[in-house]
Amino acid sequence: MSEPLNPPSHGKPRVRFAPSPTGFLHVGSARTFIFNWLYARRNHGTMILRLDDTDVERNTDASVNSIFEGLKWLGLSWDEEYRQSDRGTLHRQMAETIFQKGMAYRDFTPAHTGDSERSGAQGTWLFNPGMRELSQAESDLRAAAGETFALRFRVPRDAGRMVRFTDAVYGEQVKAGADIEDFALLRSDGMPTYHLASCADDADLRISHIIRGQDHLSNTYKHVLIFEAAGFAPPQFAHLPLLVAPDGTKLSKRRHGPVVSVTTYRDAGFLPEAFINFLCLLGWSPKNDRELMSRQELVDAFSLEGINRSNAVVNFKESAEASTVAAPKSDVPSAAGNPGLPSPEEMFDPKALWLNAEHIRGLSVEDLSQRLMTIVQGAGFSVTAEKMLRITPLIRERIKLLRDALTAADFFFLKELSLYDPGELVPQKGDAAMALKVLQRAKEVLANVEFKHDPLDQSLRAAAQELGVKAGQMFQPIRVAVCGRKNAPPLFETLEVLGKETTLHRIEEAIAKLASA
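Residues numbered from 1 in each chain as written. Predicted model: local features only at pLDDT ≥ 70, side-chain atom pairs only at ≥ 80, totals over all residues. Heavy atoms only, no water.

A. Region of interest: the overall build of the protein chain. Of the regular secondary structure elements, the protein chain holds 22 helices and twelve strands. In terms of overall size, the protein chain is more extended than a compact globule, its C-alpha atoms giving a radius of gyration of 32 Å where 517 residues would be expected to give roughly 24 Å. Across its three principal axes, the protein chain shows a C-alpha extent of roughly 110 × 45 × 35 Å. Relative to its full complement of 517 residues, the protein chain shows a buried share of 52%. Contacts spanning at least 24 positions in sequence make up 75% of the contacts within the protein chain whose residues lie at least 6 apart. In the structure as shown, the protein chain presents an accessible area of about 23400 Å², 49% of it carried by carbon and sulfur atoms. Across the protein chain, the mean location of the 61 positive side-chain charges is 2 Å away from that of the 66 negative side-chain charges. (Helix = DSSP H or I, 4+ residues; strand = E, 2+ residues; numbered from the N terminus. Rg over C-alpha atoms; globule rule 2.2 N^0.38 Å. Buried < 20%, exposed > 50% of the residue type's maximum accessible area, 1.4 Å probe, protein only. Contact = heavy atoms within 4.5 Å. Areas by Shrake-Rupley, 256 points an atom, 1.4 Å probe, with all protein chains shown as cover. Lys, Arg positive; Asp, Glu negative; His and termini not counted. Charge placed at Lys NZ, Arg CZ, Asp CG, Glu CD.)

B. Fine view of the packing of helix 3 (residues 88-100) against helix 6 (residues 194-204). Packing of helix 3 against helix 6 brings their axes to within 9 Å, and their N-to-C directions diverge by 100 degrees. When the axes of helix 3 and helix 6 are compared, the pair comes out roughly perpendicular. Mapping the contact onto sequence places Leu90, His91, Met94 and Ala95 in helix 3 and Leu196, Ala197, Cys199, Ala200, Asp201, Ala203 and Asp204 in helix 6. For the contact of helix 3 with helix 6, the residue count by class is eight nonpolar, one polar and two charged. (Axes fitted to C-alpha atoms, helices over the stretch in contact; angles between N-to-C directions. Parallel < 35°, antiparallel > 145°, perpendicular 65-115°, else oblique. Nonpolar A, V, L, I, M, F, W, Y, C, P; charged D, E, K, R; others polar.)

C. Broad picture of helix 10 (residues 272-280). Here helix 10 lies mainly inside the structure; nine of its nine residues are buried. Looking at helix 10, one finds that the buried residues are Pro272, Glu273, Ala274, Phe275, Ile276, Asn277, Phe278, Leu279 and Cys280. As for helix 10, its buried residues are in contact with helix 1 (27-42), helix 2 (61-74), helix 9 (262-268), helix 11 (295-301), helix 13 (350-362) and helix 14 (365-378).

D. Inspection of the domain arrangement of the protein chain at higher detail. Along its sequence, the protein chain is carved into domain 1 (14-84 + 194-242), domain 2 (89-186), domain 3 (243-362), domain 4 (364-414) and domain 5 (422-516). In this structure, domain 1 and domain 5 have C-alpha centres spaced 60 Å apart. (Domains from an automatic or database assignment.)

E. Quick peek at the pairing of strand 9 (residues 209-213). The element strand 9 is extensively covered by neighbouring structure, given that five of its five residues are classed as buried. Taken together, the five bridges between strand 9 and strand 10 (residues 236-240) define a ladder with parallel strand orientation. Note on strand 10: the bridge partner recorded for Ile211 is Ala238. As for the winding sense of the linkage, the β-α-β connection from strand 9 through helix 7 (residues 220-230) to strand 10 is right-handed. (Pairing = 2+ DSSP bridges. Right-handed = clockwise from strand over helix to strand, strands pointing away.)

F. The sheet that holds strand 5 (residues 150-153), seen in detail. Read across the open sheet, the three strands follow the order 4-5-8; overall the sheet is antiparallel. Unpaired on one side and paired on the other, strand 4 (104-107) and strand 8 (184-186) mark the two borders of the sheet. The average angle at which neighbouring strand axes cross in this sheet is 40 degrees, direction not considered. Of the pairings in the sheet, the one linking strand 4 to strand 5 comprises four bridges and is antiparallel in character. Within the sheet, the bridge partner assigned to Asp107 lies in strand 5 and is Ala150. Together, strand 4, strand 5 and strand 8 form the strand contacts of helix 3, whose direction differs from that of strand 4 by roughly 105 degrees.

G. Representation of unusual backbone geometry in the model. Of note, Asp289 is a non-glycine position whose phi angle comes to about 60 degrees, a positive value. By the element assignment, Asp289 lies in the loop between helix 10 and helix 11.

H. Expanded view of the packing of aromatic side chains. Under the definition given, this model contains 17 aromatic pairs. Measuring from centroid to centroid gives 4.7 Å for Tyr265 and Phe275, while their planes differ by 40 degrees, and the two rings are tilted. Here the residue Tyr265 occupies a position in helix 9, and Phe275 occupies one in helix 10, the gap between them amounting to ten residues. Classification of Tyr265 as buried rests on a relative accessible area of 2%. Relative to Phe348, the ring of Tyr265 lies with its centre 4.9 Å away and its plane at 50 degrees, an arrangement referred to as tilted. Here Phe348 lies in the loop between helix 12 (344-347) and helix 13 and Tyr265 lies in helix 9, a separation of 83 residues in the sequence. (Phe/Tyr/Trp six-rings, centres within 6.5 Å; stacked < 30°, edge-to-face > 60°.)

I. Quick peek at the packing of helix 18 (residues 432-446) against helix 20 (residues 471-483). Packing of helix 18 against helix 20 brings their axes to within 9 Å, and their N-to-C directions diverge by 75 degrees. Here helix 18 is positioned roughly perpendicular relative to helix 20, judged by the angle of their axes. Note on element contacts: helix 20 touches helix 18 through Gln473, Met474, Pro477, Ile478 and Ala481, opposite Met434, Ala435, Val438, Leu439 and Ala442. Broken down by class, the residue content of the contact of helix 18 with helix 20 amounts to nine nonpolar, one polar and no charged.

J. Here's a closer look at the pattern of salt bridges. Tallied over the full model, the rule gives 32 salt bridges. The salt bridge involving Arg87 is made with Asp204; its shortest N-O contact spans 2.6 Å. Highlighted residues: Arg87 in the loop between strand 3 (80-83) and helix 3 and Asp204 in helix 6, separated in sequence by 117 residues. In this structure, the salt-bridge partner of Asp267 is Arg266, at a minimum N-O distance of 2.8 Å. Residue Asp267 is classed as partly exposed on the basis of its relative accessible area, which comes to 31%. Each of Arg16, Arg50, Asp52, Arg87, Asp201, Asp202 and Asp204 takes part in salt bridges that share partners, so that together they form one network. (Salt bridge = Lys/Arg side-chain N within 4 Å of Asp/Glu carboxyl O.)

Next up, the structure:
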């Protein structure tokens, strides 16, 4: 086998992520980037980002921006960056090299019509004998006369000729040359095909390992032929198992909608480190079957040997597949949330939510507070860094996503509480009269107490004793009055953050609700 013309130095791997900018950044593409990145960092290699943007009819600036936006959020850097569209001369040079060796030929047929060979597997088109067997002299004359042509690879069709490679995940792969069509290297407009451009760039950039989705496995036979014809040893291939929906279908932007977009997870409030952790567990596992892992732990544990062959299921609910998560920012501050949208439990894989909650709990209060601040202010709420720092430890155990802060802690940000049922003010085994009595006494006590945890605790427990009610019957009406619901963070810490003025105002409003009920 030939040796690479420009072999990687010192045996350190050079890997690449080569997305086509024809849509938003897909979670499967993000996983491919992450696995390449982990392999490069684990082995002190080079990570390359190459935009395969030669499909001018489908490429969009919005897609390019989506790719960079998604990768920026992941926070995983790359070492070199290229655009395939800037490298057309290199692609045509490789095509010319292969042509001059007699391993490619001009095909002047506009399409697969007429005298074609269809003896491939399942009757697929293989080549046009009239074009494949055209003499060099006649081919040159027709080209010189300006007749358009595609340049096709002359696939070896000798009896017993096999194309083979060893995949790091799927093992030995073999296909008869006679079953591979004479694929195009250059289109009739002179533009390079994906196969040619990809291989030319991989060879020129000295890519040592091609780590990509399993859907490219069938292309690899053609790529092996191109590398060898151009005088390069093929890189090591490692194909990743597909990501599939619960029904077993391949995750698709068209079929499954925003749930397959990286920015959907970002906008829903996932931490990038938790999202990376989740994607790594889709088709790969460490030797000790750990699940909760930091970025450095993933780097230290990653290997191609840990990649599974079976497709990985992303367990979202099919009914939520075409929905979106984040409402327009102007709609977010509503304390009622967005009832028309699916819940996170419906939208996302339960393991993704669990990992995110665990990563949230693993952050320092200071770090989490800064991240929540961005979400809260982005939703239109005004909150100081000092106040957010005090709120954060009260809700850290109560949220799975960063955006959950908008519902778990909305009463800290709202000037006026949203409407709630006055019946919620009534304590367990009590009645409206008890609730009214408790709130009236709480108003008197809280007006004259220092708003710190211990004084609040002591004074309200003493008030409960005076009234002859249980502590829980004292605390529930106050909690609902100041938070607008029963399910809320610890009461005394909540009162401390809300402050005396807001607390007394909300208790007065609750008393008025009960009085008018």
